[in-house]
Amino acid sequence: MSNETLREQLLFQPKHGYDLLTAEQRTEMEEYCKKYSAFMDAAKTEREAVTYTVEMAEKAGFKPLVAGMELKPGDRVYRNNRGKSIILAVIGSASLNEGVNITAAHIDSPRMDVKPNPLYEDSEIAFFKTHYYGGIKKYQWTTIPLAIHGVVYKKNGEVITITIGEADTDPIFCVSDLLIHLSADQMRKTLAEGITGEQLNLILGTTPLAGDEGSDRMKLAVLSILNEKYGIIEEDFLSAELTIVPAGKCREVGLDRSLLGAYGHDDRVCAFASFLPLLDLTVPTKTAVCVLADKEEIGSVGISGMQSQCFEDFMADICASQNVSLLHCFANSFCLSSDVTNAFDPNFPETCDKRNNSRLNYGVGICKYTGSRGKGGASDASAEAMGYVRSLFAENGVVWQSATLGKVDQGGGGTVAAYMANRNIVTVDAGVPVLCMHAPMELVSKYDCYMTMKAMAAVYKGR
Ligand code: MN
Ligand code: MN
């Protein structure tokens, strides 16, 4: 055997996605990315992502799952968990005793939340106090265009939905940073200390209420604008969820337009890739389940996080339709937990093990484990589970690569995988490689987005 043949047969040599992409796939990829971009423009918070998916699912024939509902193969059901997370399923032809095929992603992203008592005036400028949500580099959130998204519950029960900063005619908002000329002290601080959490105050207004000579004239002016437009008073902030996110749309990046730049690819890029192929299923063999969870960025906690029993409640209702034990169903199920991973960045090569890191344009990343400091917090998939995914992807033409989150002891991160595995469900981590994860603008490659969607379709198909 020639050395060339040996090389071919023995070495693992992943290929660049564009060396494998057919013309037909390229068209499909561009079409998929247009749909994804539209989703990103409409869904910047978990609430907006749920609203968007419910609307699309309803159009595709999905119905709210009701306890005691009779279900037959091909039936499409979903449960909207209090507007913040959602679980959808297409009933398969096989018994639920054989388990289900699950995809799980999250739809919350790092951001700044408005505090319960947020509005104040200092030096004749009105501000919102904020408390950041999830892991952010605080300095990145100053001097960029910001928008307010959220809801306000009024005392009378009325719910007001607020979005300001996205339409071309809307004003935007901003957190200030210090001018370089006076930054002698600030520039000596670390990146972590240069901007503090309590400095992330959002500028709302600088003009006084007309004809007013009392105190807090700017604060009052801001309140009167909000009151005029939304009918809210200061006390209403106590029962509000207002979030501050980067303003603007998902855009193509690079002269070749091969990347997409947007706020919150983590993890809506996997959420959309999981959700869309579910709509195309008619009657899968095993029941296909898609979970879009909230609160991953703060530990998958709370009523809408992946640790919530809301998932058990949904699955138990489905299992009850076939008199199947929920625990048996879980024990035979498979879950692809999909969350973004770090794409190798040649600007920071020292943070990664190049041999094991995912790269842009090499397809969906499969992570045997995530976690930090000796795999802490990881689900750490077995060889068998990895083998299943490898065979499944090979059968379905899914281009994938292995991924690890940075070099050993550099840091790390978790996903919802561990919480699925805790339920006695075989779980593997996968996700789209991202540059500048958790920054106000994150970058992903169109090719990897497309391959992740293909991976999810393969999971629903099973083997
Ligand atoms: Mn994530
Ligand atoms: Mn994240």
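Residues numbered from 1 in each chain as written. Chains lettered and ligands numbered in written order. Predicted model: local features only at pLDDT ≥ 70, side-chain atom pairs only at ≥ 80, totals over all residues. Heavy atoms only, no water.

(A) Broad picture of the sheet that holds strand E13 (residues 259-262). Spatially, five strands are ordered E12-E13-E23-E22-E16 in an open sheet, and the strand pairing comes out mixed. With one partner strand each, in any of the chains shown, strand E12 (251-253) and strand E16 (341-342) form the two edges of the open sheet. Both E12 and E13 contribute to a ladder of three bridges, which runs antiparallel. Following the sheet pairing, Glu-252 is matched in E13 by Leu-260. Contacts from helix H11 (residues 446-461) reach E12, E13, strand E22 (433-435) and strand E23 (442-445) within the one sheet, and its direction differs from that of E23 by about 70°. (Pairing = 2+ DSSP bridges. Helix = DSSP H or I, 4+ residues; strand = E, 2+ residues; numbered from the N terminus. Contact = heavy atoms within 4.5 Å. Axes fitted to C-alpha atoms, helices over the stretch in contact; angles between N-to-C directions.)

(B) Spatial organisation of the pairing of strand E10 (residues 202-205). In terms of strand pairing, strand E6 (residues 125-133) meets E10 through three bridges, oriented antiparallel. Directly across from Phe-128, in E10, lies its bridge partner Leu-202. Relative to E10, strand E9 (residues 174-175) runs antiparallel, the two being bridged by two bridges. Looking at the pairing, Cys-174 lines up with Ile-203 of E10.

(C) Structural view of the packing of aromatic side chains. What the rule picks out here adds up to ten aromatic pairs. For the ring pair Phe-311 and Phe-330, a centre distance of 5.7 Å and an interplane angle of 5° mean the geometry is stacked. Taken together, the residues Phe-311 in helix H7 (residues 310-320) and Phe-330 in helix H8 (residues 326-331) connect sequence positions 19 residues apart. For Phe-330, a relative accessible area of 2% translates into the label buried. The cationic tip of Arg-111 hangs over the ring face of Tyr-133; the distance from NZ or CZ to the ring centre is 4.1 Å. Cation over ring: Lys-375 sits above Tyr-369, and NZ or CZ is 4.1 Å from the ring centre. (Phe/Tyr/Trp six-rings, centres within 6.5 Å; stacked < 30°, edge-to-face > 60°. Buried < 20%, exposed > 50% of the residue type's maximum accessible area, 1.4 Å probe, protein only. Lys NZ or Arg CZ within 6 Å of the ring centre and 35° of its normal.)

(D) The arrangement of the nonpolar core in detail. With 62 residues, the main nonpolar core has Tyr-32, Leu-88, Leu-278, Leu-336 and Phe-393 as its most contacted residues. Looking at this core element by element, the count peaks at ten residues for H11. Not counting residues up to four positions away in its chain, the partners in contact with Tyr-32 are Val-269, Phe-272, Ala-273, Leu-276, Cys-449, Tyr-450 and Met-453. Ile-148, Ile-162, Val-175 and Leu-200 belong to the second largest nonpolar core, which has 32 residues in total. (Core = buried A, V, L, I, M, F, W, Y, C linked by side-chain atoms within 4.5 Å.)

(E) Expanded view of the layout of surface pockets. Volume-wise, the largest pocket comes out at about 1,200 Å³. Asn-342, Leu-405, Gly-412, Met-437 and His-438 are, among the 44 residues lining the largest pocket, the residues nearest its centre. Looking at the lining of the largest pocket, its residues break down into 15 nonpolar, 21 polar and eight charged. Its volume calculated, the second largest pocket comes out at about 550 Å³. Elements with a minimum of two residues in the lining of the second largest pocket: helix H9 (383-395) and strand E19 (400-402). Among the elements that line the lining of the second largest pocket, the one with the most residues is H9, at three residues. Of the residues that constitute the lining of the second largest pocket, the class distribution is ten nonpolar, three polar and three charged. (1 Å grid on protein atoms, 1.4 Å probe; cavity = no way out; pocket = protein on both sides within 12 Å on 5 of 7 lines; lining within 4 Å. Points joined across faces, edges and corners; volume = space filled by probe spheres on them. Nonpolar A, V, L, I, M, F, W, Y, C, P; charged D, E, K, R; others polar.)

(F) Inspection of the coordination of the manganese ion (ligand 2) at higher detail. The coordination sphere of the manganese ion (ligand 2), as far as protein atoms go, consists of Asp-266 (OD), Glu-297 (OE), Glu-297 (OE) and His-438 (NE2), spread over 2.0 to 2.6 Å. Spacing between the donor residues of the manganese ion (ligand 2) along their common chain follows D-x30-E-x140-H. The distance between the manganese ion (ligand 2) and the manganese ion (ligand 1) comes to 3.2 Å, with Asp-266 serving as a donor to both metals. Linking Asp-266 in helix H6 (residues 265-279) with Glu-297 in the loop between strand E14 (288-293) and H7, this pair joins segments that are 31 residues apart in sequence. On the basis of relative accessible area, Asp-266 is assigned to the buried category, the value being 3%. (Donors = N, O, S within 2.8 Å, 3.2 Å for Na, K, Ca; no water.)

(G) View of the environment of Ala-105. Within the secondary structure, Ala-105 sits in strand E4 (residues 101-106). The spatial distance from the C-alpha of Ala-105 to the C-alpha of Ala-273 is 9.2 Å, given a sequence separation of 168 residues. Not counting the four nearest positions on each side in its chain, Ala-105 is found in contact with Asp-267, Cys-270, Ala-271, Ser-274, Val-291, Leu-292, Ala-293 and Ser-338.

(H) Highlighting the pattern of salt bridges. This structure, assessed with the given rule, holds 24 salt bridges. Note that Lys-59 is salt-bridged to Glu-55, the shortest N-O span being 3.8 Å. Note that Lys-59 and Glu-55 are positioned in helix H3 (residues 46-59) at a spacing of four residues, about one turn of the helix. On the accessibility criterion, Lys-59 (70% relative accessible area) is exposed. With a relative accessible area of 49%, Glu-55 lands in the partly exposed category. Linked through salt bridges whose partners overlap, the residues forming this network are Glu-46, Arg-47, Lys-84, Arg-111, Asp-113 and Glu-241. (Salt bridge = Lys/Arg side-chain N within 4 Å of Asp/Glu carboxyl O.)

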